[in-house]
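So the chains spell out like this:
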Amino acid sequence: MSAVKTASHLLLIEDNPGDARLVEEALKEFSRPVNLHHVKDGITALQFLQQDGQYRNAPRPKLILLDLNMPRKDGREMLRDIRSDPVCASIPVIVLTTSGAERDVDLCYAAGANCYLRKPVDVVEFIDLMKMIETFWLDTALTPSH
């Protein structure tokens, strides 16, 4: 008898509506339920993570998917903010971006990214990448609950 899989909360920090829609579509292919919480910039993401204002009842995400190039506060700054905040520092962060620049990769890992992935252009490849994220980060890896 297999265990019932409880829903995981995933925070997507992504300003591109097309990419956000791709993530939503990919989640439909997951074998487990996932509650997606989508914010479009780093400032709003910090409000969500710190349960501030309209996000006072926001759940703690099991995983954060972070884009790099966003308005108001980019992903590089956001990553540093996440890692310096004791409330959310232990949440795994996957940088999911179009940039393959070695400098971006190095900066993100130095700032505490758990994983750095380039967004595939092909929809099928994108869904396959998201399924790999599910398999490893939501099914296999043990992550902190607090």
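Parameters and conventions
- Here the residue numbering is sequential within each chain, running from 1 through the sequence in written order.
- Residue-level local features of this predicted model are given only where pLDDT is at least 70; pairs of side-chain atoms are given and counted only at 80 or more, and the full residue set underlies all totals for whole chains, interfaces and linings.
- Side-chain numbers here rest on the full set of heavy atoms in the structure, without hydrogens or water.
- The secondary structure listing takes helices from DSSP runs of H or I that are at least 4 residues long and strands from runs of E that are at least 2 residues long, numbered from the N terminus.
- For a compact globule the rule gives 2.2 Å times the number of residues to the power 0.38, and the radius of gyration it is set against comes from C-alpha atoms.
- When DSSP finds two or more bridges between a pair of strands, those strands are recorded as paired.
- Axis definition: a line fitted to C-alpha atoms, over the contacting stretch in the case of helices. Angles run 0 to 180 degrees between N-to-C directions.
- The contact definition used throughout considers only heavy atoms, calling two residues in contact when any of these lie within 4.5 Å.
- Throughout this description, the term salt bridge denotes a Lys or Arg side-chain nitrogen within 4 Å of a carboxyl oxygen of Asp or Glu.
- Accessible area is worked out with a 1.4 Å probe on protein chains only. A residue is then buried under 20% of its type maximum, exposed over 50%, and partly exposed in between.
- UniProt positions are given in the numbering used here, feature names are shortened, and annotations may be inferred rather than shown by experiment.

Taking an unreviewed UniProt entry as the reference, the protein chain is identified by name as Chemotaxis protein CheY belonging to Thalassospira mesophila.

Asks: It is not clear to me how the overall build of the protein chain should be interpreted in this structure. Could you clarify?
Replies: Within the protein chain one finds five helices and five strands. For the protein chain, the α and β elements follow one another from N to C terminus as β-α-β-α-β-α-β-α-β-α. At 14 Å, the protein chain has a C-alpha radius of gyration in line with the 15 Å of a compact globule built from 146 residues. Seen through its C-alpha atoms, the protein chain measures out along the principal axes to roughly 45 × 35 × 25 Å.

Asks: When you look at the sheet that holds strand β5 (residues 115-118) in this model, what are you seeing that I'm missing?
Replies: Neighbouring strands of a sheet are bound in pairs by backbone hydrogen bonds; such pairs are parallel or else antiparallel. Spatial strand order, β2-β1-β3-β4-β5: five strands in an open sheet with parallel pairing. Where the open sheet ends on each side, the last strands, each with one partner, are β2 (34-39) and β5. Across this sheet, the average inter-strand angle for adjacent strands is 20°, counted without regard to direction. Here strand β3 (residues 63-66) runs beside strand β4 (residues 93-97); their pairing, made up of three bridges, is parallel. Looking at β4, one finds that L65 is bridged to I94. Running over the sheet, helix α1 (residues 17-27) touches β1 (8-13), β2 and β3 and is turned about 175° from β2. Docked against the sheet, helix α4 (residues 102-110) engages β4 and β5, running at close to 150° with respect to β5.

Asks: Looking at this structure, I do not really get the pattern of salt bridges. What am I missing?
Replies: When charged atoms on two side chains of opposite charge get close, those side chains can pair. A full pass over the atoms with the stated rule returns nine salt bridges. Here K28 makes a salt bridge to E25, at a shortest N to O gap of 3.0 Å. Relative accessible area serves as the criterion here: at 61%, K28 is assigned to the exposed category. Here R76 and D74 are joined by a salt bridge, their closest N and O atoms 3.1 Å apart. By sharing partners, the salt bridges in this structure join E14, D19, D67 and K119 into a single network.

Asks: How should I be thinking about the UniProt feature "domain: Response regulatory" (unreviewed entry) in the protein chain in this particular structure?
Replies: Mapped onto the present numbering, the UniProt feature "domain: Response regulatory" (unreviewed entry) falls at residues 9-134. Between the C-alpha atoms that bound residues 9-134 the distance is 12 Å, and the span itself is 40% helix and 19% strand.

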